[in-house]
Amino acid sequence: MATTIHASAIVDEGAQLGDGCRVWHFVHISAGARIGAKCSFGQNVYVGNDVSIGDNVKIQNNVSVYDAVTLEDDVFCGPSMVFTNVYNPRSAVTRKDEYRRTLVKRGATLGANSTIVCGATIGRFAFVGAGAVINRDVPDFALMVGVPARQIGWMSRFGERLELPVASDQPVEAVCPHTGDCYRLAGQQLQLIEP
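The structure contained in this document is the topic of the report that follows. Predicted model, so just to flag it, every value in this text is computed and none were measured.

1. A short note on the side chain of Ser168
No. 1: Considering the arrangement of structural elements, one finds Ser168 in strand E24 (residues 168-175).
No. 2: Given the relative accessible area of 14%, Ser168 is considered buried.
No. 3: Polar contacts involving the side chain of Ser168 include one to the main-chain carbonyl oxygen of Gln170, which spans 2.5 Å.

2. Quick notes on the sheet that holds strand E13 (residues 76-77)
No. 1: Ordered by their spatial adjacency, 10 strands build an open sheet running E1-E4-E7-E10-E13-E16-E19-E21-E22-E23, and the pairing between neighbours is mixed. Both edges of this open sheet fall to strand E1 (4-5) and strand E23 (161-162), since each of them pairs with a single strand only.
No. 2: Both strand E10 (residues 58-59) and E13 contribute to a ladder of 2 bridges, which runs parallel. In the strand pairing of E13, Lys58 is matched with Phe76.

3. Some words on the nonpolar core
No. 1: Counting 49 residues, the largest nonpolar core has Phe41, Ile53, Ile59, Leu71, Phe83 and Ile122 as its most contacted members.
No. 2: Looking at this core, the elements that each hand over two or more residues are strand E9 (51-53), strand E12 (69-71), strand E21 (142-145), strand E25 (182-187) and strand E26 (189-193).
No. 3: Those residues within four positions of Phe83 in sequence are excluded, and the remaining contacts are Val63, Ser64, Val65, Tyr66, Val69, Leu71, Cys77, Thr102, Val104, Leu110 and Ile116.

4. What about the pairing of E25?
No. 1: Of the strand pairs in this sheet, E24 and E25 are connected by 5 bridges, and their pairing is antiparallel. Within E25, the position partnered with Val172 by the bridge is Leu185.
No. 2: Connecting the antiparallel pair E24 and E25 is a turn made up of 6 residues, with Gly180 showing a positive phi of about 85°.
No. 3: As paired strands, E25 and E26 are joined by 5 bridges and run antiparallel to one another. Bridge pairing in E26 places Cys182 opposite Ile193.
No. 4: The antiparallel pairing of E25 with E26 creates a hairpin that spans 1 residue between the two strands.

5. Quick notes on unusual backbone geometry
No. 1: Omega for the peptide link from Val147 to Pro148 comes to -15°, which places this bond in the cis form.
No. 2: In this structure, Pro148 sits in the loop between E21 and strand E22 (150-155).
No. 3: The backbone phi angle of Phe26 is positive, close to 60°, even though this residue is not glycine.
No. 4: Looking at where Phe26 falls in the secondary structure, it is placed in the loop between strand E4 (22-23) and strand E5 (28-29).
No. 5: A positive phi is found at Asn113, a non-glycine position, where the angle reads about 60°.
No. 6: Of note, Asn113 is situated in the loop between strand E16 (109-110) and strand E17 (115-116).

Criteria and thresholds
- One numbering rule holds for all chains: residues counted from 1, following each sequence as written.
- Per-residue local features of the predicted model are confined to residues with pLDDT of at least 70, and side-chain atom pairs are confined, for both listing and counting, to 80 or more; whole-chain, interface and lining totals are unaffected and use all residues.
- With hydrogens and water stripped out, all remaining heavy atoms of the structure feed into the side-chain values.
- Each helix is a run of DSSP H or I of at least 4 residues and each strand a run of E of at least 2, with the numbering of both proceeding from the N terminus.
- Whether a residue is buried, partly exposed or exposed follows from its accessible area with a 1.4 Å probe, protein chains only, as a fraction of its type maximum: under 20%, in between, or over 50%, in that order.
- Nitrogen and oxygen atoms within 3.5 Å of one another constitute a polar contact, given that in protein one can donate a hydrogen and the other can accept it, and given that sequence-neighbouring residues count only through two side-chain atoms.
- Note on pairing: two strands pair once DSSP finds at least 2 bridges between them.
- In these notes, a set of buried Ala, Val, Leu, Ile, Met, Phe, Trp, Tyr and Cys residues joined through side-chain atoms within 4.5 Å is what counts as a nonpolar core.
- Residues are treated as being in contact if the distance between any of their heavy atoms lies within 4.5 Å.

This is a description of form; function is not addressed.
As structure tokens, then:
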């Protein structure tokens, strides 16, 4: 499957894009970017040089993926969500040697207008609600909302909320209402029970 690049987009020489990517209006992909197959970049997206993006990642309109960000396979970045790479920026102070790395693990969703403060790791299949501000690591499957974000529940791989408390002293289980996948919560860690 061929990659489609709109005429108004800029893909700098040296950028690596996998097969089947779609690059829409006014996108700028920098020379050092490494991008997997079947990714979609909405209008006005920017991708920096020191960025790694896996397969099947969807980045909606008006998102800037700055240097020191890694997005694993199947990540969804909602419209106008924000990444940072300097924790304490000042216009008059150069801090390019102080970038803090951000990792978004496989299958995570970052809702519209959410902000990911640099240095955080977002767990596999985590779900960050619209407008939330993440300023610390997020567990796998966690549902995060608010400013600053707090965990209010758990999400399945399919993106359905699971009927589970945030933490439990005794192991408890829940089933995804859409797929039938079973999940076990022990303490504050959720695991998918493989068949």
